[in-house]
Amino acid sequence: MIECKNVSFSYYFNREGGKGLQEDGTLKNVSCTIADGSFVLLCGASGCGKTTLTRLFNGLIPHYYEGELSGQILLDGKECKDLSLFDISGKVGSVFQNPRSQFFNVDTTSELAFGAENHGLPEQEIRDRVRRVAGQLNITGLLDRSLFSLSGGEKQKIACGSAAVMEPEIFVFDEPSSNLDVSATRELRELLKILKTQGKTVIIAEHRLYYLHDLADRVLYLKDGEIKGDYTGEEFTAIPEPVREQMGLRPLTLFSLKHIAHIKRAGGNPLWEMRGFHFAYPKSSRESLCVEKAVLAPGSVTAVIGHNGAGKTTFSRCLCGLEKRCRGSLYRDGEQYNRKQRMKLCYIVMQDVNHQLFTESVIEEVLISMSKDAMDLEGSSRVDAILEEMDLLDLKDCHPMGLSGGQKQRVAIASAIASERPVILFDEPTSGLDLFHMRQVADAMNRLAETGKTVVVVTHDPEFIVRCCNQVIHIENGCVIEDYSLESSADKEHLLRFFLDNNKEVQMQ
């Protein structure tokens, strides 16, 4: 179905005096054949070329992304460069890491129908496909909704559904689970199983492997733009865990997280106390957030967990003062902080970091977050130290929007560290990160806590939680239903049960 012959590609980036070639995300002399009906997993560290390879398969290279391309990419025997994107879209359905980048409508049902309408299918057939896919993906409850009202995970479900409605022969997924909770990931897995039984060709680039390893017929491991490993599913599963860790890959089972050592911290006083936080979106029939009381400790990292749409992101936005209609105040040592004061007190790294990348280079992005005093005292040496900590020093002169999703995430985190605000919030900070960089971010969170910062993390990543968090706030339907520490084995097992109970592929022993 797909064949690459000696393909090399490097992205262009703008620089003074003309265009330059970007080293990150390049491919070097890649050759592979993907058979009709196969299920192929692309894995490897961030920036290894996984996303670039998917863009070759769906025609975005060379039709959309500029760069130097050599070699041949054949789709069903025809060269991609000779086919239009419209022709390719009839054969290849794509789901991107950031679902917002592929939306064309403002409501969910129209978005699901858009591709089929674009190809001129009969109205009744389009309606039947939308209804069938909505049932398969368990997104019937998301029909006829505003896309702007959906959580990140719900948007990803709609993106998956939009591709499925097209019924293409090939499905290309780029980090489709990056913003999904465990239940939604299980539903995504069910969709992938359906596609596999239908004989579709499925190509998926992923860091989270636990929900895929027994689905993949073949695993391509990329490193530095080259295919360094080509395994059958059984051969890949048989690779010892320590070897996979050296390859920079996430675990194949969530059960292994049970053995990670606890994070113990003394915390700090006085505590931050949230009181009476209430918020409802316009035209909503119920409150999206109702938190009467929640306590956050300085020198700690608090994980905010819950299912997609539970109110986790709303919780973080209200805490840092971004939502004007939110009622409630933050208290510390008898002092009250209103919404405007909280905006100066807090720094938030958003789930979609594209909303907060503004400058022409990585180093400038970090510099604008630093206070004037910090600039005067430490200047660029402090920035270099932060970039080195986030493994970004070699990319400091690159344009942030030209980086991979995981690298953009680390740029935003580096900016948060440079801000030195007392309360720092992260919304899905490990989205799109491989094992090495996930642990790197966890270490950065630990260091922030050690300096007395109060760190709040909205996350669906259990491995990240057990590596750096010492408190958990569990939110459902906008309310705090649990608030507990992670200082004991029983507490950690309770956390893992939340993830494992929703993942029937893995059971607690």
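Quick look at the structure, then.

Overview of the pairing of strand 14 (residues 300-305)
Of all six residues that make up strand 14, six are buried, and the element is covered over most of its length. Two strands pair when backbone bridges link them, and strand 14 and strand 19 (residues 454-458) are joined in this way by five bridges, in the parallel orientation. Among the inter-strand pairings, Ser300 is bridged to a residue of strand 19, identified as Thr454. Of the strand pairs in this sheet, strand 14 and strand 20 (residues 471-476) are connected by four bridges, and their pairing is parallel.

Thoughts on the sheet that holds strand 13 (residues 289-296)
One open sheet holds the four strands; their spatial order is 13-12-15-16, and the pairing between them is antiparallel. Looking at the sheet topology across the chains shown, the edges are occupied by strand 13 and strand 16 (335-337). Averaged over all neighbouring strand pairs, the angle between strand axes comes to 15°, with direction disregarded. Across seven bridges, strand 12 (residues 272-279) lies against strand 13 in antiparallel orientation. Following the sheet pairing, Trp272 is matched in strand 13 by Leu296. With respect to the sheet, helix 10 (residues 312-319) is in contact with strand 12, strand 13 and strand 15 (327-332), its orientation differing from that of strand 12 by roughly 115°.

Details of the sheet that holds strand 14
Spatially, the six strands line up as an open sheet ordered 17-18-19-14-20-21, and their pairing is mixed. This sheet does not close on itself; its edge strands, each paired only once, are strand 17 (346-349) and strand 21 (479-485). Put simply, the sheet's adjacent strands are angled 20° from each other on average, direction ignored. In the packing of helix 16 (residues 435-450) onto the sheet, contacts are made with strand 14, strand 18 (423-427) and strand 19, and the angle to strand 19 comes to roughly 150°. Packed on one face of the sheet, helix 18 (residues 489-500) meets strand 14, strand 20 and strand 21 and runs near 140° to strand 21.

Remarks on the packing of aromatic side chains
Aromatic rings in a pair are described by how distant their centres are and how their planes are angled relative to each other. On inspection of all chains with the given rule, the structure shows 10 aromatic pairs. Judged by centre distance (6.0 Å) and plane angle (70°), the rings of Tyr210 and Tyr211 are edge-to-face. Taken as a pair, Tyr210 and Tyr211 share a single burial class, namely buried. Centre to centre, the rings of Phe279 and Tyr281 are 4.7 Å apart; their planes meet at 85°, and the pair counts as edge-to-face. Its relative accessible area of 35% is what places Tyr281 among the partly exposed residues.

Rules behind the numbers
- Residues numbered from 1 in each chain as written.
- Predicted model: local features only at pLDDT ≥ 70, side-chain atom pairs only at ≥ 80, totals over all residues.
- Heavy atoms only, no water.
- Buried < 20%, exposed > 50% of the residue type's maximum accessible area, 1.4 Å probe, protein only.
- Helix = DSSP H or I, 4+ residues; strand = E, 2+ residues; numbered from the N terminus.
- Pairing = 2+ DSSP bridges.
- Axes fitted to C-alpha atoms, helices over the stretch in contact; angles between N-to-C directions.
- Contact = heavy atoms within 4.5 Å.
- Phe/Tyr/Trp six-rings, centres within 6.5 Å; stacked < 30°, edge-to-face > 60°.

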